[in-house]
Amino acid sequence: YKDFLWYLNEKDDSDNKVIFNQAFTEFSFDNLVLSHEDKQVSLNGTLSGKTDKDLFLNFTGVPIEKILPTIDDFSPKGNLNGSVNLKQIKGVYQPTANVSIDDLSINDIALGRLNVALSGDEELRKFNLLATIENKDVESFTAQGDFEVTTEKTNLNMDLNFDNFNLGVLSSFG
């Protein structure tokens, strides 16, 4: 992807497996690892029918510029760490994510470490968010609240706090 070569099970581990039944309705993913140099994305979990899932995606040191699409006048950089969990039990979703981006910069403007905690509702429509950017032991940005994705629009209900935040990073947004 994006001219970076990622390997599936580069270390040839025997615990790297996909197990499924004959009807292709039950799947188990055990330690599927994509790696590039010392960076990795791993997938573990299960799929059972159409209404039950428990998937864990873990990131270790993944440069965001290697996995995000290219956008004109917007160049983010940093290393992604953390986990995303998509759980669904009898059709009811329970999504969560706890990720961080170390050494975050946008358009070569250093911002610090971005921490994001996210949880969603049972329909994957409304999400609670707590995001912070820490730069030199100062919490320079905080976003806390929720957002709801509908077919027509996205509704935001967020408290934002800026403290010694470099607003120059926003100039690329117009």
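As shown above, the structure is provided for reference.
Residues numbered from 1 in each chain as written. Predicted model: local features only at pLDDT ≥ 70, side-chain atom pairs only at ≥ 80, totals over all residues. Heavy atoms only, no water.

## A few points about a negative patch on the surface
Residues Glu134, Asp137, Glu139 and Asp163 make up a contiguous surface patch of negative charge. Looking at where Glu139 falls in the secondary structure, it is placed in strand β11 (residues 138–149). (Patch = residues over 30% accessible without salt bridge, like charges linked within 9 Å, V, L, I, M, F, W, Y side chains within 5 Å. Areas by Shrake-Rupley, 256 points an atom, 1.4 Å probe, with all protein chains shown as cover. Salt bridge = Lys/Arg side-chain N within 4 Å of Asp/Glu carboxyl O. Lys, Arg positive; Asp, Glu negative; His and termini not counted. Charge placed at Lys NZ, Arg CZ, Asp CG, Glu CD. Helix = DSSP H or I, 4+ residues; strand = E, 2+ residues; numbered from the N terminus.)

## Regarding the layout of surface pockets
If you roll a probe as big as a water molecule over the atoms, it shows you where there is empty space left. Estimated volume of the largest pocket: approximately 620 Å³. Of all the secondary structure elements, the ones that give two or more residues to the lining of the largest pocket are β6 (76–89), β8 (96–106), β9 (109–120) and β10 (126–135). When residues in the lining of the largest pocket are grouped by element, the largest group, four residues, is from β8. Here the lining of the largest pocket is built from residues that sort into 22 nonpolar, no polar and no charged. A volume near 160 Å³ is recorded for the second largest pocket. Leu129, Ala143, Phe147, Leu156, Met158 and Leu160 are the residues that line the second largest pocket. (1 Å grid on protein atoms, 1.4 Å probe; cavity = no way out; pocket = protein on both sides within 12 Å on 5 of 7 lines; lining within 4 Å. Points joined across faces, edges and corners; volume = space filled by probe spheres on them. Nonpolar A, V, L, I, M, F, W, Y, C, P; charged D, E, K, R; others polar.)

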